[in-house]
Amino acid sequence: MKVDHSQPLEYSTEQNRLNILGFWVFLGAEIMLFGTLFTSYFTLVDRTGDGPTGAEIFEIFPVLMETFLLLTSSFVIGLGIHAMRLGKKKAMLTFFVITLLLGLGFLGFEIDEFMVYYHEGATLQTSAFTSMLFTTLGTHGAHVTLGFFWGLFIIIQVAKRGITPATANKSFIFSLYWHFLDVVWIFIFTFIYLEGMTRV
Amino acid sequence: MRELFPAKQVWGFVLSLALTAAALLVYFFNMSRATGMTIFIVTAFIQAFVQLVVFMHARETDDSKSIFATLYYAIFIALITVFGTLLCMIWGWKY
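Residues numbered from 1 in each chain as written. Chains lettered and ligands numbered in written order. Predicted model: local features only at pLDDT ≥ 70, side-chain atom pairs only at ≥ 80, totals over all residues.

1. Let's talk about helix α5 (residues 128-161) of chain A
All names here are of chain A. Here α5 is 34 residues long and its end C-alpha atoms lie 49 Å apart, about the 50 Å a rise of 1.5 Å per residue gives. Within the span of α5, buried status applies to F129, T130, M132, L133, T136, L137, H140, V144, G147, G151, I154 and V158. Looking at the packing, one finds that the buried side of α5 touches α1 (14-44), α4 (89-119) and α6 (165-198). Trailing α5 by a residue or two, G162 shows a phi angle of about 80°, which is positive. (Helix = DSSP H or I, 4+ residues; strand = E, 2+ residues; numbered from the N terminus. Expected span 1.5 Å × (residues − 1). Buried ≥ 20, exposed ≤ 12 C-beta atoms within 10 Å, placed from the backbone. Contact = placed C-beta atoms within 7 Å.)

In structure tokens, the structure reads:
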């Protein structure tokens, strides 16, 4: 294994470099996955039938909390990768743990939000609008849930094996995934929630 | 301690918060739909770009060209799908 010391550790071997590029290609496919969900959502957003509209069920406070928690977690994992490049294992792990806690907070608010919707009579079966709303939000939430466990295993590995070319590479790829979830959330926040609440 | 908080990322975070606040203006103030949608589109895409460049380090290595080729291709196809579908299913074509 040829190690190139002029590059950050996560890029230091040919295999590492290709792993990262490959993950970007995967993210390209993820963009398309969420692209199709947004397409269906925008197409069906007015098909509310007997059920509520977005303006009737969306509430600003939980949505703002979710946005703030996810945005901050994205910033914190960026600090984690920075600490990793400095070779500071303890700082890196601290930032990663904070990231996952913020992710859990996000999920807490989202689950609570889903239960509120359910009690207000908006379920997956209520209307075409609620079906697509829950499918889009749920797909993002499922990604965050998966990311939580992925991150947990990354933390355990780095704690056990230290910062090596292999673990640095895995951590960096996980950080790409986590940032990407925030990018998707920006679009959900803007074009589902804000758009829905300001729709007249 | 200070070296753990690089200025570039802190500014990226501040900028993200500012853009979120800018999008919120549409919620708190009465605006026409066209103005509101313009603010939404501008703030969302800038914020996505900040994430990609500042936090995901998309520009840092020799693979940058391949990374952006993949991204632009994916975004292009996604936008075609969204707006093409809206054109067929909602807006229609008046002539």
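Having seen the structure, we can now continue with the description.
2. Observations regarding the UniProt feature "domain: Heme-copper oxidase subunit III family profile" (unreviewed entry) in chain A
As annotated in UniProt, the feature "domain: Heme-copper oxidase subunit III family profile" (unreviewed entry) corresponds to residues 21-197 of chain A in the numbering used here. Here residues 21-197 of chain A runs as 86% helix and 0% strand, with 38 Å between its end C-alpha atoms. (UniProt positions renumbered as here; feature names shortened; annotations may be inferred.)

3. Concerning unusual backbone geometry
All names here are of chain B. For H57, which is not glycine, the phi torsion reads 55° and is therefore positive. With respect to the helices and strands, the residue H57 is situated in the loop between α2 (33-55) and α3 (64-91). Taking the number of C-beta atoms within 10 Å as the measure of exposure, H57 has 22 and is therefore buried.

4. Some details on the packing of α4(A) against α5(A)
Residues and elements named next belong to chain A. For the pair α4 and α5, interaxial distance at closest approach is 10 Å and the crossing angle is 160°. Accordingly, the angle class assigned to the pair α4 and α5 is roughly antiparallel. Relative to α5, α4 is oriented so that their crossing is left-handed. Contacts between α4 and α5 involve K89, M92, L93, F96, V97, T99, L100, G103, L104, F106, L107 and E110 from the first element and G141, V144, T145, G147, F148, G151, L152, I155, V158 and A159 from the second. Considering only residue class, the contact of α4 with α5 consists of 14 nonpolar, 6 polar and 2 charged. (Axes fitted to C-alpha atoms, helices over the stretch in contact; angles between N-to-C directions. Parallel < 35°, antiparallel > 145°, perpendicular 65-115°, else oblique. Left-handed = near helix turned anticlockwise from the far one by under 90°. Nonpolar A, V, L, I, M, F, W, Y, C, P; charged D, E, K, R; others polar.)

5. Topic: the domain arrangement of chain B
Examined at the domain level, chain B breaks down into domain 1 (1-56) and domain 2 (62-95). Relative placement of domain 1 of chain B and domain 2 of chain B: their C-alpha centres are 22 Å apart. (Domains from an automatic or database assignment.)

6. Considering the UniProt feature "transmembrane region" (unreviewed entry) in chain A
Residues and elements named next belong to chain A. The positions that UniProt labels "transmembrane region" (unreviewed entry) are, in the present scheme, residues 21-45, 57-79, 91-109, 129-155 and 176-194. The straight-line gap between the two end C-alpha atoms of residues 21-45 is 36 Å; of that span, 96% is helix and 0% is strand. Across residues 176-194, the secondary structure splits into 100% helix and 0% strand, with the terminal C-alpha atoms separated by 26 Å.

7. Describing the packing of α5(A) against α6(A)
The description of two packed helices rests on the angle between their axes and on the distance between the axes. All names here are of chain A. Two elements in contact, α5 and α6, have axes whose closest approach is 10 Å; the angle formed by their N-to-C orientations is 160°. Classed by the angle they form, the pair α5 and α6 counts as roughly antiparallel. Here the hand of the crossing between α5 and α6 comes out left-handed. Contacts between α5 and α6 involve T136, L137, H140, H143, V144, G147, W150, G151, I154, Q157, V158 and R161 from the former and T167, K170, S171, F174, Y177, W178, L181, V184, W185, I188 and I192 from the latter.

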